[in-house]
Amino acid sequence: MNGRSGREPVQKRHLLPRSTPAEVYAVVTDFAVYPRLFPEIKATRVLETKGAVVRVEFRAQIVLPIRYVLDLVCDPERRTVDWTFVEGEIVTDSVGGWRFTQEGDGTALDYRVSLEVKAPVPGFVLRKVTDGLVAASLPSMFAAIDGEVRKRQSLQTSGLPAT
C-alpha cells in the first residue's frame, strides 16, 4: 500500500517468539496502554467506535508537540489493523497497517507506515528525516510490544488480571 503521497511506505517484519497472533493483536489494539509502552506517545483517546473502525486521537512529543487522529480498521478474525489519517497538526498524513501471522512457535509482525509531516524545511530534507525517524523508532516499538506480551503472559499464568 502506498501512502497518498505516492511514496513507498516504510516496511518492517519482526518475529516475536513464544507468542500467538491473538496475544500480539490484543496489545497493538489496546490503545489506552500506548502512553505506557511508547515514550513519545503522551496520550491516546478513543473518540468513536463504529463496527470495526476505531477513531483514535494520539498526542505525542517528538521535538514538538504533535496531535493526530487516525481511523483504525481492526479485524480480530484476520488479525489485521489498517489505518488512515483523519486530521492532525504537524502530521499531515499517515496510512499503514499491521499483520499478525503464526510463524513456528511465535508471531510474525508485518508493519508498514507512510507518514507525512509539515515543518519549515525543504520537502526532500523533511522526507528523509521523517523516514529516518520512523525507521529508527521501530526497534524500540517492537521491543515495547514484546515486553507487554510477556507481561500479559506472566499475569495470565499467575492468575492475576492484565492491566
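Residues numbered from 1 in each chain as written. Predicted model: local features only at pLDDT ≥ 70, side-chain atom pairs only at ≥ 80, totals over all residues. Heavy atoms only, no water.

## What to know about the nonpolar core
Selection criterion: Among buried residues, those of type Ala, Val, Leu, Ile, Met, Phe, Trp, Tyr and Cys that are joined through side-chain atoms within 4.5 Å constitute a nonpolar core. When accessible area is computed with a 1.4 Å probe and restricted to protein chains, residues below 20% of their type maximum are described as buried, those above 50% as exposed, and intermediate ones as partly exposed. Think of it this way: any DSSP run of H or I at least four residues long counts as a helix, any run of E at least two long counts as a strand, and we number them from the N terminus. A contact between two residues is defined here by any heavy atoms of the two lying within 4.5 Å.
In terms of nonpolar packing, the biggest core is built from 36 residues, with Phe58, Leu72, Trp98 and Ile145 touching the most fellow members. Per-element accounting of this core gives the leading share, 6 residues, to helix α3 (residues 123-158). Beyond its immediate stretch of four places on either side in the chain, isoleucine 145 contacts Leu16, Val24, Val27, Val28, Phe38, Trp98 and Leu109.

## Here we look at the sheet that holds strand β6 (residues 91-103)
Short version of the rule: When DSSP locates at least two bridges between a pair of strands, those strands are taken to pair. Note on definitions: angles span 0 to 180 degrees between N-to-C directions of axes, and those axes are lines fitted to C-alpha atoms, for helices only across the stretch in contact.
Reading across from one edge, β1-β7-β6-β5-β4-β3-β2 is the order of the 7 strands in this open sheet, with antiparallel pairing throughout. The sheet is open, and its two edges are formed by β1 (10-16) and β2 (41-50), each paired on a single side. Taking each pair of neighbouring strands and ignoring which way they run, the sheet shows an average axis angle of 20°. Relative to strand β7 (residues 106-117), β6 runs antiparallel, the two being bridged by 12 bridges. Residue pairing in the sheet places phenylalanine 100 in a bridge with leucine 109 of β7. Here helix α1 (residues 21-28) sits on the sheet in contact with β1, β4 (64-75), β5 (80-89), β6 and β7, set at roughly 160° to β6.

## Considerations on the packing of aromatic side chains
Operational definition: Whether two aromatic rings pair depends on their centres lying within 6.5 Å, for rings of Phe, Tyr and Trp, where Trp uses its six-membered ring; planes under 30 degrees apart make the pair stacked, over 60 edge-to-face, and the rest tilted.
What the rule picks out here adds up to 10 aromatic pairs. A centroid spacing of 5.1 Å and a plane angle of 15° characterise the contact between phenylalanine 58 and tyrosine 68, whose relative ring orientation is stacked. Here phenylalanine 58 is found in strand β3 (residues 53-62), whereas its partner tyrosine 68 is found in strand β4, with 10 residues between them in sequence. The pair formed by phenylalanine 58 and tyrosine 68 is uniform in burial state, with each residue classed as buried. Relative to tyrosine 111, the ring of tryptophan 98 has its centre 4.6 Å away and its plane inclined at 55°; by these criteria the two rings are tilted. Of the two residues, tryptophan 98 is situated in strand β6 and tyrosine 111 in strand β7; the sequence distance between them amounts to 13 residues. For the pair tryptophan 98 and tyrosine 111, a shared accessibility class is recorded, and that class is buried. The structure contains a cluster of three or more aromatic residues connected by ring pairs, namely Tyr25, Trp83, Trp98, Phe100, Tyr111 and Phe142.

## Considering the pairing of β7
Here is the key point about a regular strand: its side chains alternate between the two faces of the sheet. Among the 12 residues of β7, 9 are classified as buried, and the element is accordingly described as predominantly covered. In this structure, β1 lies alongside β7, joined through 7 bridges in antiparallel fashion. By the bridge assignment for β7, arginine 13 is matched with aspartate 110. Hairpin connection of β6 to β7: 2 residues between the antiparallel strands, including glycine 104 at a positive phi of 65°.

## Some remarks on the side chain of aspartate 75
Short version of the rule: The definition of a polar contact used here is a pair of N or O atoms within 3.5 Å, where within protein one atom must be able to donate a hydrogen and the other to accept one, and adjacent residues in sequence count solely through side-chain atom pairs.
By the secondary structure assignment, aspartate 75 is in strand β4. A distance of 3.0 Å separates a polar atom in the side chain of aspartate 75 from the backbone nitrogen of arginine 78. In this view, aspartate 75 contacts Tyr25 and Thr80; residues no more than four positions away in its chain are not counted.

## Some details on the confidence of the model for the protein chain
Heads up, the rule is: A residue's pLDDT is the confidence the predictor assigns to it, expressed on a 0 to 100 scale.
Predicted confidence across the protein chain gives a mean pLDDT of 87, with 83% of residues reaching 70 or more. By mean pLDDT, α3 is the weakest element of the protein chain at 80, and α1 is the strongest at 97.

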